[in-house]
Amino acid sequence: MEERTATVWVETDRPCEVRVVAGGHGVDASAQTFTVHGHHYALVDVDGLEPGSEVPYEVLIDGERVWPEEGSSFPPSTIRTPAPGPGDTLKIAFGSCRRAPDRTNRHGLDALAAYAHTVARGGERPDALLMIGDQVYADELSDEMRAFIARRRGPDGEPRDELADFEEYTYLYRLAWREDAAVRWLLSTVPTFTVFDDHDVRDDWNTSYAWRRRMQAQPWWRERIVGGIGSYWIYQHLGNLSPAERAADPVYKAVRAASEDHGDGAKVLDEFAERADREPSSTRWSYVRDWGGTRLIVVDSRCSRLLTPERRAMLDDEEFRWLDEQCRGGRDHLLIASSLPYLLPSTIHNAEAWNEAVADGAWGKRAARFAETMRQAADLEHWAAFDASFRAVAEDVLAVARGERGAAPASIAFLSGDIHYSYLARVTVPDDTQSAIAQIVCSPFRNPLAGRFRWANKIACLRATAPPFRLLRRLAGVAPPPLRWRITDGPWFSNAIATVELSGRDCRVRWRTPRTATELLELHSVRLVTG
């Protein structure tokens, strides 16, 4: 989504020409499909649109209309371009952690589907939808996914309850995004951006160097990681790129060329995916988008980690240099999206900081082994568990908030998911900043915490539980964090979707939860800052 361009992503069942047309609006763009592992895709770049326009469109395959589908009860799919200017309102809906629809209701009502129905009825329509992690669960399968695997592998196939390769990923994405007509319509109408988290590949993905060594020793891991990263590149990452960025991307050009020459770009994509896992600095999954007075930085906090015996960081050096360059003022609002919350409840932050120090040997080798086991068992691997990275980001954010990198924004907000509950945390110290700094969490779309996990996190959110863990952090030799914050709204443990609404120097946040399969109920609404 840009002022004059938009991209329509299409998967087809055969090689063909894909056209996007809008009668009476001068829209007629086309692209030839490319092929990977026998699957066919096209990204059609529509150019020459008017800023602030809304254009209904159709998709044709070799001249035959295939979208909108005949008999659909949903409104026509449209392309709406922004018209940035003083006082214009920007709405970004976001969330994470969505188990695909299935025949059971054990994960509750789907917030994304209920939101789609709300938009279709003429309710709030966002300018963008941001899905920040665990769009699919490759390691926690539905009955439908297990049935597909059983048919594919046969009675003698390995019964592992996880995906094996690219082919199985394609079916998982089909279940996630095609089987629910409302969600499919929403994705055809609202510009969508994504970034992956661990379950898009595997729980605890890149938690530590020890985790990577253990996974790499598994005989099935290569096909799994190659399939996971390769399918993410096609089904999610390509849509994050602008048409100009995509046209300049060497992998995209090579896959298309291989498809034209040999009929299939699988070898090119597989080699790229393997290299991206082995050498994280070889590719960048993070990206930035500017809309009027708002900058959105989406940070990959999974694949780009630096994990070696000598050093660990949430972002490798090249990735952090890129993030440092993007953190600038001169705008009304700065949004930094990371699948993992930057500001956790204080109890959990201190526990993770303590765990990292002990795992690195602060209390000796025996304690280090115990701490590593605890880290993997309890998912202690958020920003707090990468203390040097946490401090480096804090330095950047505070520089922006103090006006040292251009005029200070009214707000600087981290948008995150992952932890399966929602809240707003506000930074209280230091108090010499010109920007309101906050953490906005919305999770899950559809996968709520249950039982003891919910109660453990409720307790961790209480201010009274923080002192013992603050003492542990100190005993491990970890200095106090450069920021202090507190949860001012929440936590809420329902399936939910949030909307950040930005207008001038104002910033408002709303969380909503499904009341029925097609309706949303407001959980909470708050003004982060009033300009």
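Residues numbered from 1 in each chain as written. Predicted model: local features only at pLDDT ≥ 70, side-chain atom pairs only at ≥ 80, totals over all residues. Heavy atoms only, no water.

**Student:** An account of the overall build of the protein chain is requested, with residue identities and associated values reported.
**Tutor:** A count of helices and strands for the protein chain gives 15 helices and 24 strands. Against the globule reference of 24 Å for 531 residues, the protein chain gives a C-alpha radius of gyration of 23 Å, in line with a compact fold. Here the protein chain holds 531 residues, and the buried ones make up 59% of them. Total accessible area on the protein chain is roughly 21300 Å²; 49% of this is exposed by carbon and sulfur atoms. (Helix = DSSP H or I, 4+ residues; strand = E, 2+ residues; numbered from the N terminus. Rg over C-alpha atoms; globule rule 2.2 N^0.38 Å. Buried < 20%, exposed > 50% of the residue type's maximum accessible area, 1.4 Å probe, protein only. Areas by Shrake-Rupley, 256 points an atom, 1.4 Å probe, with all protein chains shown as cover.)

**Student:** Give me the packing of helix H8 (residues 250-262) against helix H9 (residues 266-278): which residues, what numbers.
**Tutor:** One way to put it is that H8 packs onto H9 with a least axis distance of 8 Å and a crossing angle of 155 degrees. Here H8 lies roughly antiparallel to H9, going by the angle between them. Residues Val251, Ala254, Val255 and Ala258 of H8 form the contact with H9, whose own contacting residues are Val268, Leu269 and Phe272. For the contact of H8 with H9, a count of residues per class yields seven nonpolar, no polar and no charged. (Axes fitted to C-alpha atoms, helices over the stretch in contact; angles between N-to-C directions. Parallel < 35°, antiparallel > 145°, perpendicular 65-115°, else oblique. Contact = heavy atoms within 4.5 Å. Nonpolar A, V, L, I, M, F, W, Y, C, P; charged D, E, K, R; others polar.)

**Student:** Report on empty space enclosed by the protein, specifying residues and quantitative values.
**Tutor:** Following the criterion strictly, the structure yields four cavities of 30 Å³ or more and no others. As for the largest cavity, its lining consists of 13 residues, of which Arg99, Ala100, Glu140, Ser142 and Leu172 are closest to the centre. Here the residues of the lining of the largest cavity sort into six nonpolar, three polar and four charged. (1 Å grid on protein atoms, 1.4 Å probe; cavity = no way out; pocket = protein on both sides within 12 Å on 5 of 7 lines; lining within 4 Å. Points joined across faces, edges and corners; volume = space filled by probe spheres on them.)

**Student:** Residue-level account of helix H4 (residues 181-189), with values.
**Tutor:** The set of residues buried in H4 consists of Ala182, Val183, Trp185, Leu186, Ser188 and Thr189. Here H4 starts with a cap whose side-chain oxygen sits 2.9 Å from the backbone nitrogen of alanine 182, and that cap is aspartate 180. (Polar contact = N/O pair within 3.5 Å; in protein donor to acceptor, adjacent residues only side chain to side chain.)

**Student:** Tell me about the side chain of aspartate 316, residues and numbers included.
**Tutor:** One can find aspartate 316 in the loop between strand S16 (312-313) and helix H10 (317-326). For the buried aspartate 316, no salt bridge is present, and the opposite-charge side chain at shortest range is arginine 284, 6.6 Å distant. Reaching out from aspartate 316, the side chain makes a polar contact with the backbone nitrogen of glutamate 318 at a distance of 3.1 Å. When residues no more than four places from it in sequence are discounted, the contact partners of aspartate 316 are Pro280, Ser281, Ser304 and Leu306. (Lys, Arg positive; Asp, Glu negative; His and termini not counted. Salt bridge = Lys/Arg side-chain N within 4 Å of Asp/Glu carboxyl O.)

**Student:** If you had to explain the side chain of aspartate 180 to someone new, which residues and values would you point to?
**Tutor:** Structurally, aspartate 180 can be placed in the loop between helix H3 (166-177) and H4. At a separation of 2.9 Å, a polar atom in the side chain of aspartate 180 contacts the main-chain amide nitrogen of alanine 182. Setting aside anything within four residues of it in sequence, one finds aspartate 180 in contact with Pro101 and Ala113.

**Student:** I'd love a proper account of unusual backbone geometry, names of residues and values included.
**Tutor:** Look at the link from valine 429 to proline 430: it is a cis peptide, with omega at 5 degrees. Mapping proline 430 onto the fold places it in the loop between strand S19 (422-429) and strand S20 (436-441). In the Ramachandran plot, aspartate 134 falls in the positive-phi region, its phi being about 55 degrees despite a non-glycine side chain. You can see aspartate 134 is positioned in the loop between strand S11 (128-132) and helix H2 (143-153). Of note in this structure, aspartate 379 is not a glycine but carries a positive phi near 55 degrees. Along the polypeptide, aspartate 379 turns up in the loop between helix H12 (365-377) and helix H13 (387-401).

**Student:** Any chance you could break down the pairing of S20 for me, citing the residues and the numbers?
**Tutor:** Note on strand geometry: in a regular strand, side chains alternate between the two faces of the sheet. Most of S20 sits inside the fold, with five of its six residues counted as buried. Pairing of strand S18 (residues 411-416) with S20 involves six bridges; the strand directions are parallel. Its bridge partner lying in S20, serine 411 is registered against alanine 436. Here S19 runs beside S20; their pairing, made up of four bridges, is antiparallel. Across the sheet, leucine 424 pairs through a bridge with isoleucine 440, a residue of S20. Between S19 and S20, which pair antiparallel one after the other, the connecting turn spans six residues. (Pairing = 2+ DSSP bridges.)

**Student:** Just give me the short version of the pattern of salt bridges, but keep the residues and values in it.
**Tutor:** Taken as a whole and judged by the stated rule, the model has 47 salt bridges. In this structure, arginine 146 engages aspartate 161 in a salt bridge whose closest nitrogen and oxygen atoms are separated by 2.9 Å. Taken as a pair, arginine 146 in helix H2 and aspartate 161 in the loop between H2 and H3 lie far apart in primary sequence, 15 residues in all. Residue classification places aspartate 161 among the partly exposed residues on the basis of a relative accessible area of 34%.

**Student:** Can you lay out the packing of helix H6 (residues 221-235) against H9 for me, pointing to particular residues and giving the numbers?
**Tutor:** Look at H6 against H9: their axes get within 8 Å of each other, and the N-to-C directions meet at 105 degrees. Taken together, the axes of H6 and H9 are roughly perpendicular relative to one another. In this structure, H6 contributes Trp221, Arg222, Ile225, Val226, Ile229, Gly230, Trp233 and Ile234 to the contact, and H9 contributes Leu269, Asp270, Phe272, Ala273, Glu274, Ala276 and Asp277. For the contact of H6 with H9, the per-class residue count stands at 10 nonpolar, one polar and four charged.

**Student:** Which residues make up the environment of alanine 258, and what values do they have?
**Tutor:** Residue position: alanine 258 is located in helix H8. Expressed as a C-alpha distance, the spacing of alanine 258 and leucine 49, which sit 209 residues apart in the sequence, is 31 Å. Setting aside anything within four residues of it in sequence, one finds alanine 258 in contact with Gly263, Asp264, Gly265 and Val268.

**Student:** Account for the nonpolar core, naming residues and giving values.
**Tutor:** One finds Leu130, Trp233 and Ile440 to be the most contacted residues of the largest nonpolar core, which totals 97 residues. The residues contacting tryptophan 233, other than those within four sequence positions of it, are Leu238, Asp249, Val251, Tyr252, Val255, Leu269, Phe272 and Trp285. With 42 residues, the next largest nonpolar core counts Leu344, Ala385, Tyr423 and Phe493 among its residues. (Core = buried A, V, L, I, M, F, W, Y, C linked by side-chain atoms within 4.5 Å.)

**Student:** Before we move on, could you go through the sheet that holds S20 and cite the residues and values that matter?
**Tutor:** Ordered by their spatial adjacency, seven strands build an open sheet running S13-S14-S17-S18-S20-S19-S21, and the pairing between neighbours is mixed. Of all the strands in the sheet, the pair left with one neighbour each is strand S13 (287-291) and strand S21 (484-492). Direction aside, neighbouring strands of the sheet carry axes that sit 15 degrees apart on average. Pairing geometry for strand S17 (residues 333-338) and S18, over five bridges, is parallel. Note that in S18 the partner of isoleucine 336 across the bridge is phenylalanine 414. With respect to the sheet, H13 is in contact with S17, S18, S20 and S21, its orientation differing from that of S18 by roughly 145 degrees.

**Student:** Can you break down the pairing of strand S5 (residues 39-46) residue by residue, with the values?
**Tutor:** Counting buried residues along S5, seven of its eight residues qualify, which places the element largely inside the surrounding structure. In the sheet, strand S1 (residues 6-12) pairs with S5 via seven bridges, with the strands oriented antiparallel. Each bridged residue has a counterpart across the sheet, and for glutamate 11 the counterpart in S5 is tyrosine 41. When strand S4 (residues 34-36) meets S5, the two strands line up antiparallel, connected through three bridges. From the neighbouring strand, threonine 35 faces S5, where its bridge partner is histidine 40. Between the antiparallel neighbours S4 and S5 lie two residues, among them histidine 37 with a positive phi of about 50 degrees.

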